[in-house]
Amino acid sequence: MRLFVSEGAPGSLPVLAAAGRAQGKAELLISTVGPEECVVPFLTRPKVPVLQLDNGNYLFSTTAICRYFFLLSGWEQDDLTNQWLEWEATELQPAVSAALYCLVVQGKKGEDVLGSVRRALTHIDHSLSRRSCPFLTGETESLADIVLWGALYPLLQDAAYLPEELGALHSWFQTLNSQEPCQQAVETVLKQHGILALRPYLQKQPQLSSPEGKLVSNDPEEEELATLSEEDIAMAVSAWEKGLGSLPTLRPQQNPVLPVAGERNVLITSALPYVNNVPHLGNIIGCVLSADVFARYSRLRQWNTLYLCGTDEYGTATETKAMEEGLTPQEICDKYYAIHASIYRWFNISFDTFGRTTTPQQTKITQDIFQRLYERGFVLQDTVEQLRCERCARFLADRFVEGVCPFCGYEEARGDQCDKCGKLINATELKKPQCKVCRSCPVVRSSRHLFLDLPKLEERLERWLEKTVPGSDWTPNARFIIRSWLRDGLKPRCITRDLKWGTPVPLEGFEDKVFYVWFDATIGYLSITANYTDQWEKWWKNPEQVDLYQFMAKDNVPFHGLVFPCTALGAEDNYTLVSHLIATEYLNYEDGKFSKSRGVGVFGDMAQDTGIPADIWRFYLLYIRPEGQDSAFSWTDLLLKNNSELLNNLGNFINRAGMFVSKFFGGCVPEMVLTSDDQRLLTHVTLELQHYHQLLEKARIRDALRSILTISRHGNQYIQVNEPWKRIKGNEADRQRAGTVTGMAVNIAALLSVMLQPYMPTVSATIQAQLQLSLPACSVLPTNFLCTLPAGHQIGTVSPLFQKLENDQIESLRQHFGGGQVKVSPKPAVEEAVTTAGSQQIQMLMDEVTKQGNIVRELKAQKADKNQIAAEVAKLLDLKKQLALAEGKPLEAPKGKKKK
Amino acid sequence: MAAAGELTLLEKWLVLQGGHKYSVQGKQQVPVLQTNNGLSLTGLTTIAAHLVKQANKEYLLGYTTEEKAIVQQWLEYRVTRVDGPCGKEEVRTLLKNLNSYLEGKVYLTGYNFTLADVLLYYGLHYFIVDLTVQEKEKYLNMSCWFCHIQHYPGIRQHLSHVIFIKNRLYANAH
């Protein structure tokens, strides 16, 4: 007989572990095949492992192969083993496959992975401990043990997915792991690559839907309705009946917002955007927009909320930019601060204050914290070798030096990295270094610097983390990053720089130095608050009363979760430290990265020019928020989500509900007499609302948005099934039914308008104006679904909320902003598609070419930086290419170079 | 057909005395049998194999070692693929695979009638009833097998008799 296995196919684990049983009974040949090879002639999809029997028949089931090996060794089939194997095939296998797919292919972690298998793991653990046998079917290892071990090994080998409380499962798993055949199987299949060895195989597998239907996908499927208990229904109905009266009284608006004893005080910060550039969509979703949703939600919960942000303005990058644009650093900051502020205003970000770091308060607070650290012995001094330009009379930051790469000889290597060979360079190792400003040769000088003694603070930090992180809403990636930094051990970090544009160091001998940005940027939150209110310490030196939520992209985690807490703990001034650190992954653009220099991607200021309203941008960015894994912005997907979710689902439902009230009932909400069907709907909506609350309390912003869409889907279905437009023409009972359905629907619409407020504030306000929803009902989101539009309530004029996005509109935007689809391809099919471009688009491209041509000419006239000119020229060439394609002209071959 | 009902049919065919009572478990309605020694057995194929042994008809689980493994493989196929979440596309794939497997075979193991044939017949009946004449002809090997099993003494019981036409109507189709 011949066994076919494939590297990285999980089924090979139990099969190889069981193969030893057949030894001496039959000759076994083992062949390795590719994961896509169709070994079994009668199966449509490739399947490995497979055992070809001597009579020519095939065993394509992993379990059947193992069973066969055991049968050969003289084992007899028994009921208990059969039961375990059937359970493995029907329950365990789908759950494990879903978990592995999540973990290995989609790169998810934690509960996303564990969630689908937890029940199965608990079942095994209970069976083991109830029978108090070391193995599944008794005192000795048997077929069932091998098959289940093989199914579970890829997942459980990572201790994170073997819950500690499952003690019996734990020791069973360890016992099997230590068996020689199992160890050998692991060695052969995973080849010491761990679970990643399974990736090529799993990627090729069709994703089976799990029995729970809980597989994560970007598109919501038909949700299966939860089963409702009588209790759930009774509670939902009684809450509904209480109506408006049960709303709490509104908090009076405070100015400034200050913490109040006995209340929940929520302080929200979003990472400070760096001032020298226009933020792109990834920056916006990573910090300000995510924090804004949470801040708005927090206010809807009537929590005492302060949301602040500002621009981070000090540092080398600002100085560079200033030199490029021929302005002073201060002028650069003023210019870009205004750009940032206007972009966020357009996106409707509800800051209580949007400040900046170049203020006297920043100097005062930073210097105070530094003094305290210095007095307490947490600051070290050391000498660093650096390049200094004598002509400019200053030390050169890495990006101010250029020279010959010491590794590959490339002429224009930068001070930190060579663009040609990609190796990291220490600026002092560059051959023939040149000051980028004056082109003279810098010399190596030593310079004294200050270091924050992180190793000395490490123990305090760990104690604080132990107290803070468990049970908090720190995102898994943040926990992971901090853990890995601590595992590698903290090292002293330099906190000063030889620059002018920064917070001065208040220490003798350091007068010509400033603090390094990452030391004082996080202090920016404090100084921005201090500029907002002189009572800023009520927020920042009040850890008992204040809940601090900090939003950022994952690259900022070390500064917020480690460096700033160390600084604050060392300063010993009772600072408020982060309680919940919410970090996103990265957002990509189409199939690449956002790139300012290559002109790829949508940047904050351009979003306004697309003609797509801010709320649609907010919706789509939040819908694809990189929560738990990287995600990508895609124009096609934006169009799809707008047209399917907003227009056809949410907009359609809310509009229909309102229209029925206007058309059939003269704009007056009709009497509602709830049948048991209505009560069930009411309960489903209530449960979904509570789910929304649970998710948002944990800042799972993207997932909570799905709840809104689910409710409106329920609503649409409800209207579709009950057909009020038909019943309104029927008899008395029918008309009453039409009234109840319409009344329920419009109340759901009112609820949705409030749930939507954190995500789409303008649309939310529009709905509320159309429905004439009362102020308290607009301002508070209770945990139950209440009747906020009682019978007799008069609504306003109803009109559609969303516009359809058209294909050609999106296509021209995609062309305009660059990205995957415009890559020039020699395939005629693509050219044909582009030649049909409208004259409007050609005109647009021509304008672009002219504009870009002027930029290049201007730069050349100014004798600007070579790299910068090159980048602009590249853009120009690309535009010309697009234009040529759009006009249907053949491409000109670049001069002097052969076409491939 | 609910799994418990199917087991009752099997019992009748095996001529077992006493008539067991089945409960079901979970959303998938997995059957559970309380055995005489106080233990319970869960799962369709597990219980079916148990009943076969009770009736002293162990040959239905396969004569040779190879057959035993093949029978269990098709029983697993029954509960994972035939009972799994089935879209139209999946059913078509399943019938296609089964059809090409059955080429040149009388029963699933080849020449011996086994429990695998019985349970696959019960599981598929629901789909086969709805096939068009053309489809039945397309999956010719499968149709022959199915027709053969439904005429095996005592198997069909109250299930409807599926008509297969012997002369080929769509000869040009393939």
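Look up a bit, the structure's there.
Summarised in this report is the structure supplied together with it. Since the model is a prediction, treat every value here as computed from it, not as a measurement.

Each value, and the rule that gives it
Residues numbered from 1 in each chain as written. Chains lettered and ligands numbered in written order. Predicted model: local features only at pLDDT ≥ 70, side-chain atom pairs only at ≥ 80, totals over all residues. Heavy atoms only, no water. Helix = DSSP H or I, 4+ residues; strand = E, 2+ residues; numbered from the N terminus. Buried < 20%, exposed > 50% of the residue type's maximum accessible area, 1.4 Å probe, protein only. Contact = heavy atoms within 4.5 Å. Areas by Shrake-Rupley, 256 points an atom, 1.4 Å probe, with all protein chains shown as cover. 1 Å grid on protein atoms, 1.4 Å probe; cavity = no way out; pocket = protein on both sides within 12 Å on 5 of 7 lines; lining within 4 Å. Points joined across faces, edges and corners; volume = space filled by probe spheres on them. Nonpolar A, V, L, I, M, F, W, Y, C, P; charged D, E, K, R; others polar. Pairing = 2+ DSSP bridges. Axes fitted to C-alpha atoms, helices over the stretch in contact; angles between N-to-C directions. Parallel < 35°, antiparallel > 145°, perpendicular 65-115°, else oblique. Left-handed = near helix turned anticlockwise from the far one by under 90°. Salt bridge = Lys/Arg side-chain N within 4 Å of Asp/Glu carboxyl O. Right-handed = clockwise from strand over helix to strand, strands pointing away. Polar contact = N/O pair within 3.5 Å; in protein donor to acceptor, adjacent residues only side chain to side chain. Core = buried A, V, L, I, M, F, W, Y, C linked by side-chain atoms within 4.5 Å. Domains from an automatic or database assignment. Phe/Tyr/Trp six-rings, centres within 6.5 Å; stacked < 30°, edge-to-face > 60°. Lys NZ or Arg CZ within 6 Å of the ring centre and 35° of its normal. Arc of directions from axis to C-beta. Buried area = accessible area lost by both parts, 1.4 Å probe.

Another aspect to go through is the overall build of chain B. Looking only at helices and strands, one finds seven helices and three strands in chain B. Helices (α) and strands (β) of chain B occur, in sequence order from the N terminus, as α-β-β-β-α-α-α-α-α-α. Across the 174 residues in chain B, those meeting the buried criterion constitute 51%. Contacts spanning at least 24 positions in sequence make up 64% of the contacts within chain B whose residues lie at least 6 apart. If you sum the accessible surface of chain B, you get close to 8600 Å²; carbon and sulfur atoms cover 52% of it.

A few words now on empty space enclosed by the protein. Evaluated as defined, the whole model comprises four cavities of 30 Å³ or more. Approximately 120 Å³ is the volume attributed to the largest cavity. Around the largest cavity, the lining comprises 14 residues; the ones closest to its centre are R67, L85 and E86 of chain A together with Q72 and E76 of chain B. Contributing elements (two or more residues each) for the lining of the largest cavity: α2 (62-72) and α3 (79-105) of chain A together with α2 (44-54) and α3 (65-82) of chain B. For the lining of the largest cavity, the residue count by class is five nonpolar, six polar and three charged. By volume, the second largest cavity amounts to about 90 Å³. Together, 13 residues line the second largest cavity, and L751, V754, A777, P782 and T788 of chain A are the ones closest to its centre. The greatest single-element share of the lining of the second largest cavity, amounting to three residues, is contributed by helix α26 (residues 732-756) of chain A. When its residues are assigned to classes, the lining of the second largest cavity shows eleven nonpolar, two polar and no charged.

Another aspect to go through is the sheet that holds strand β1 (residues 22-25) of chain B. If you walk across this open sheet you meet the three strands as β1-β2-β3 (chain B), and the pairing is antiparallel. The outermost strands of the open sheet, each flanked by one partner alone, are β1 and β3 (40-42) of chain B. On average, adjacent strands in this sheet sit at an angle of 30 degrees to one another, irrespective of strand direction. Sheet topology note: the strand β2 (residues 30-34) of chain B/β3 of chain B ladder contains three bridges and is antiparallel. Counterpart to V32 of chain B in the pairing with β3 of chain B is T42 of chain B. This element, α3 of chain A, spans β2 and β3 of chain B of the sheet and lies at about 35 degrees to β3 of chain B. On top of the sheet, α2 of chain B reaches β1, β2 and β3 of chain B; it is set at about 40 degrees to β2 of chain B, its chief contact.

This brings us to the packing of α2 of chain A against α3 of chain B. Between α2 of chain A and α3 of chain B, whose axes approach to 9 Å, the crossing angle comes to 155 degrees. Put simply, α2 of chain A runs roughly antiparallel to α3 of chain B. In this structure, α2 of chain A meets α3 of chain B at a crossing whose hand is right-handed. In contact with T63, A64, R67, Y68, L71 and L72 of chain A of α2 of chain A, α3 of chain B contributes T65, E66, K68, A69, Q72, Q73 and E76 of chain B. Of the residues assigned to the contact of α2 of chain A with α3 of chain B, the class counts are five nonpolar, four polar and four charged.

Once that is clear, we can look at the pattern of salt bridges. Residue and element names in this part refer to chain A. All chains considered together, the criterion is met by 40 salt bridges over all chains. In this structure, the salt-bridge partner of K541 is E537, at a minimum N-O distance of 3.1 Å. By sharing partners, the salt bridges in this structure join R372, E537, K541 and D573 into a single network.

Here the focus is the sheet that holds strand β17 (residues 546-553) of chain A. All names here are of chain A. Strand order in the open sheet made by the five strands is β7-β6-β5-β17-β18, with parallel pairing throughout. Of all the strands in the sheet, just β7 (353-356) and β18 (580-584) have a single pairing partner and so form its edges. Direction aside, the axes of adjacent strands within the sheet are offset by 20 degrees on average. Both strand β5 (residues 265-270) and strand β6 (residues 304-311) contribute to a ladder of five bridges, which runs parallel.

Residues and elements named next belong to chain A. Note: strand β1 (residues 2-5) against strand β3 (residues 50-52), three bridges, orientation antiparallel. What sits directly across from L3, in β3, is L51. In this structure, β1 lies alongside strand β2 (residues 29-32), joined through four bridges in parallel fashion. Of the residues in β2, the one forming a bridge with R2 is L29. Taking the sense of rotation as the criterion, the β-α-β connection linking β1, helix α1 (residues 12-19) and β2 turns out right-handed.

All names here are of chain B. Position of T109 relative to the elements: it lies in the loop between α4 (88-101) and α5 (115-128). Given the relative accessible area of 12%, T109 is considered buried. Only 2.8 Å separates the side chain of T109 from the backbone oxygen of N112, close enough to count as a polar contact. Leave out the neighbours within four places in its chain, and T109 touches E67, I70, V71 and T114.

Right, let's get into the nonpolar core. Formed by 179 residues in total, the largest nonpolar core has its most connected members in F633, W635, Y692 and Y759 of chain A. Looking at this core, you find at least three residues from each of domain 2 (258-396 + 442-584) and domain 3 (648-794) of chain A. Ignoring sequence-local partners within four residues, the contact set of Y692 of chain A consists of Y297, A704, S707, I708, M755, P758, Y759 and L781 of chain A. Core analysis: the second largest hydrophobic core is formed by 141 residues, V33, A64 and I65 of chain A together with L60 of chain B among them.

The next point concerns the packing of aromatic side chains. According to the stated counting rule, one finds 48 aromatic pairs over all chains in the structure shown. Ring centres of Y121 of chain B and F146 of chain B lie 4.9 Å apart, and the angle between their planes is 45 degrees; this geometry places the pair in the tilted category. Of the two residues, Y121 of chain B is situated in helix α5 and F146 of chain B in helix α7 (residues 140-150); the sequence distance between them amounts to 25 residues. Summarising the burial analysis for this pair, Y121 of chain B and F146 of chain B share the class buried. On the numbers, 6.3 Å between centres and 65 degrees between planes, the contact of W145 of chain B with F146 of chain B is edge-to-face. Put simply, the rings of F42, Y58 and F60 of chain A together with W74, Y77 and Y101 of chain B pair up and form one aromatic cluster. Above the face of the Y586 of chain A ring, K554 of chain A is positioned so that its terminal group lies 4.8 Å from the ring centre. Above the ring of Y623 of chain A, the side-chain terminus of R706 of chain A is found at 4.0 Å from the ring centroid.

This part is about helix α6 (residues 167-177) of chain A. All names here are of chain A. Buried residues of α6: L169, W172, F173, L176 and N177, and no others. The buried side chains of α6 occupy one side of the element, clustering within an arc of 135 degrees when seen end-on. Next to the buried residues of α6 lie α4 (111-131), α5 (143-156) and α7 (180-190).

Here we take up the interface of chain A and chain B. Between chain A and chain B, the residue contacts involve 30 residues of the former and 33 residues of the latter. Across the chain A/chain B interface, buried area totals approximately 2700 Å², and carbon plus sulfur atoms make up 51% of it. On the chain A side of the contact with chain B, F42, D79 and E86 of chain A bury the most area, a combined 23% of that side's loss. Among the salt bridges present, the one from D79 of chain A reaches K53 of chain B, with a minimum N-O distance of 3.4 Å. Across the chain A-chain B interface, the total number found is 17 residue pairs in polar contact (both at pLDDT 80 or more). Contributing elements (two or more residues each) for the side of chain A that touches chain B: β4 (58-59), α2 and α3 of chain A. Residue composition of the side of chain A that touches chain B, by class: twelve nonpolar, ten polar and eight charged.

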